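# Descriptive structure summary
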Amino acid sequence: MKIIRNTILLVGFLSTLQGISQEILTKKEALEITLENNFGIKIANNNLEVANNNKSIYNTGFLPTATVTSGANYSNNNQTNTPQTGAATSTTGAVTKSYNASIGLNYTLFDGLGRKYNYQQLKETYNLTELQARETIENTYLQLFTAYFQIARLSENKTNLDEALSISKQRLLRAKYQYEYGQSTKLELLNAEVDVNNDSITLISAKQQLSNAKRGLNIILGIEKVVTYNVETEVVFNKMMNLEELQQKTIANNSTLKQNEKNIAISEFNIKVNKANYLPSLALNTSYGWNQNDNENLANAFQPKSTSSNGLNAGLSLSWNLFDGGSTKTKVANAKIDLENQQILLEQQKVTINNNLKNTWENYQNQLFIIKAQEQNVLTTQNNFDRSTERYKLGQITSIEFRQAQINFINSKTAYNNAKFDAKLIELQLLQLSGDILNINF
């Protein structure tokens, strides 16, 4: 019996040392790691950089274009010249060389305001991409803390199961003493052994679930982290506004609704861009060029051996597509339909999100009530378990009755734990719907 007692003490001491050595991953640290390493956030930031490049002045057509061209030609031909009077003359290996170089500048002075509307459309596209990146970060926040609080839930449930196993082991030890001294039956001892085995199996399963949850969190963190760390299990609820204030905040800040509004703005500019094709375009082009021609074999003395020219050229060109077969008309009509679809989609999203907000708010209020009820259940079952423990030691109740009191106590603690974290996750959903999840300190 002394060996069994010493073994239990040694296991408890080693478990304490292991708990001390484990790293604690705080919510703040988890958030910092995620913002730096999460794959989805990295892609969103890259997309935002692309959109920023697209709205640059270099991608709008507002700047002129400049080109430099140059060339050289060489020819070596046999020539025969036959005048109207006189004999024909032949030249073998007539060499001609020519050189040219020019620099040109072209600028569109007016294109029906197409460039202006296209530039504004690109800026709205950047704003849309920025909102998409924000939505990605909001979703990542929700995924991160859903996974984080799931680990906290499983950690506390595991602690409850550790406690249950410890109680069952103490009961088994007591049953062994009683059986050896003839104070209980073999059946009591076997029941205690079965309960220890069942509690051990349940605890092993809980540990596996906890390890799996930590590996799932690693994916969100974007790093490979050894799953021996612990997390913060304390839950602090934020002071939430009433439903009416939440609805107003959701309409003003919800990222999905804001994206729909940007899509409407983009569609409006798309109509203007296509209408610009109805107007003429005016372009300026200017160049400075140099040309050189050398003729090494002259047919007569009056033909120049070399010619050279250089100078400035400038011109204006006006283009007006009076009729393009109806292409512009079709594009404008389709752009107007697209705008109407975006407006309909915005109204649909408002109804859907408002409905989700009401459902989530109601679930949150119910969950807060459940927390209070489960908290009272914990106090009741703990009181019942404490009394059952004393009565069991005095032999006033059976091991089955004691086991039932133990199960009720552990189950009530688990139910309270689950209710607490369920309410926190619902709170996170409310914060995301109202567009406030990025403004909360975790």
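To be clear, the structure that these remarks concern was listed above.
The sections below set out a description of the structure shown in this document. (Residues numbered from 1 in each chain as written. Predicted model: local features only at pLDDT ≥ 70, side-chain atom pairs only at ≥ 80, totals over all residues. Heavy atoms only, no water.)

## Considerations on the overall build of the protein chain
Broken down by element type, the protein chain carries nine helices and six strands. On C-alpha atoms alone, the protein chain measures out to a radius of gyration of 41 Å, which is more than a quarter above the 22 Å that the 2.2 N^0.38 rule sets for 442 residues. With respect to the three principal axes, the spread of C-alpha positions in the protein chain is 150 × 55 × 35 Å. Taking all 442 residues of the protein chain together, the buried fraction comes to 33%. Look at the contacts in the protein chain between residues 6 or more apart in sequence, and 81% of them connect residues 24 or more apart. Accessible surface, the protein chain as shown: approximately 26300 Å² in total, 53% of it carbon and sulfur. In the protein chain, 42 positive and 39 negative side-chain charges are present, and the distance between their average locations comes to 1 Å. (Helix = DSSP H or I, 4+ residues; strand = E, 2+ residues; numbered from the N terminus. Rg over C-alpha atoms; globule rule 2.2 N^0.38 Å. Buried < 20%, exposed > 50% of the residue type's maximum accessible area, 1.4 Å probe, protein only. Contact = heavy atoms within 4.5 Å. Areas by Shrake-Rupley, 256 points an atom, 1.4 Å probe, with all protein chains shown as cover. Lys, Arg positive; Asp, Glu negative; His and termini not counted. Charge placed at Lys NZ, Arg CZ, Asp CG, Glu CD.)

## What to know about the packing of aromatic side chains
For the structure on display, the rule yields nine aromatic pairs. Aromatic pair Trp-361 and Tyr-364: ring centres 6.5 Å apart, planes at 45°, arrangement tilted. Placement of the pair is Trp-361 and Tyr-364 together in helix H8 (residues 327-393), with a separation of three residues, close to one helical turn. Each ring, one from Phe-385 and one from Phe-409, has its centre 5.4 Å from the other, and the planes form 15°; the classification is stacked. With Phe-385 in helix H8 and Phe-409 in helix H9 (residues 399-433), this residue pair connects regions lying 24 residues apart in the sequence. By the burial criterion, Phe-385 is buried, and Phe-409 matches it. Ring pairs connect the aromatic residues Tyr-141, Phe-145, Tyr-148, Phe-149 and Phe-421, which therefore count as one cluster. Here Lys-225 stacks its cationic end above the ring of Tyr-229, 5.7 Å away from the centre of that ring. (Phe/Tyr/Trp six-rings, centres within 6.5 Å; stacked < 30°, edge-to-face > 60°. Lys NZ or Arg CZ within 6 Å of the ring centre and 35° of its normal.)

## Digging into the packing of helix H6 (residues 243-253) against H8
At a minimum axis separation of 11 Å, H6 and H8 run at an interaxial angle of 145°. At the point where H6 passes H8, the crossing takes the right-handed sense. Between H6 and H8, the contacting residues are Leu-243, Leu-246, Gln-247, Thr-250 and Ile-251 on the first element and Lys-350, Ile-353, Asn-354, Leu-357, Lys-358 and Trp-361 on the second. For the contact of H6 with H8, the per-class residue count stands at six nonpolar, three polar and two charged. (Axes fitted to C-alpha atoms, helices over the stretch in contact; angles between N-to-C directions. Left-handed = near helix turned anticlockwise from the far one by under 90°. Nonpolar A, V, L, I, M, F, W, Y, C, P; charged D, E, K, R; others polar.)

## Some remarks on the nonpolar core
Judged by nonpolar contacts, the single largest core of 28 residues is most densely connected at Leu-144, Phe-145 and Leu-217. A total of 10 residues in this core trace back to one element, the largest contributor, which is helix H4 (residues 114-180). When neighbours within four sequence positions are excluded, Leu-144 is seen to be in contact with Ala-30, Leu-31, Thr-34, Leu-217, Ile-220 and Leu-221. Counting 15 residues, the second-largest nonpolar core is a separate cluster that includes Ile-264, Ile-353, Trp-361 and Tyr-364. (Core = buried A, V, L, I, M, F, W, Y, C linked by side-chain atoms within 4.5 Å.)

## Here we look at a nonpolar patch on the surface
On the surface, Leu-109, Phe-110, Leu-113, Tyr-278, Leu-279, Leu-284 and Leu-316 cluster together to form a nonpolar patch covering roughly 610 Å² of accessible area. Accessibility expressed as a relative area gives 39% for Leu-279, which makes it partly exposed. (Patch = residues over 30% accessible without salt bridge, like charges linked within 9 Å, V, L, I, M, F, W, Y side chains within 5 Å. Salt bridge = Lys/Arg side-chain N within 4 Å of Asp/Glu carboxyl O.)

## As for the environment of Asn-270
Inspection of the secondary structure puts Asn-270 in helix H7 (residues 255-275). Given a relative accessible area of 27%, Asn-270 falls into the partly exposed group. Sequence separation between Asn-270 and Thr-307 is 37 residues; the distance between their C-alpha atoms is 53 Å. Ignoring any residue separated from it by four or fewer positions in sequence, one finds Asn-270 in contact with Gln-121 and Ala-335.

## Section: the layout of surface pockets
Here the second largest pocket is characterised by a volume of approximately 170 Å³. In this structure, the second largest pocket is lined by Ile-167, Gln-170, Arg-171, Arg-174, Phe-385, Thr-389, Tyr-392, Lys-393 and Phe-402. For the lining of the second largest pocket, the secondary-structure elements that each account for two or more residues are H4 and H8. Partitioned by chemical class, the residues of the lining of the second largest pocket number four nonpolar, two polar and three charged. (1 Å grid on protein atoms, 1.4 Å probe; cavity = no way out; pocket = protein on both sides within 12 Å on 5 of 7 lines; lining within 4 Å. Points joined across faces, edges and corners; volume = space filled by probe spheres on them.)

## Concerning unusual backbone geometry
Phi at Leu-113 takes a positive value of approximately 70°, unusual for a residue other than glycine. In this fold, Leu-113 is placed in the loop between strand S3 (89-110) and H4. The exposure class of Leu-113 is partly exposed, given its relative accessible area of 35%.

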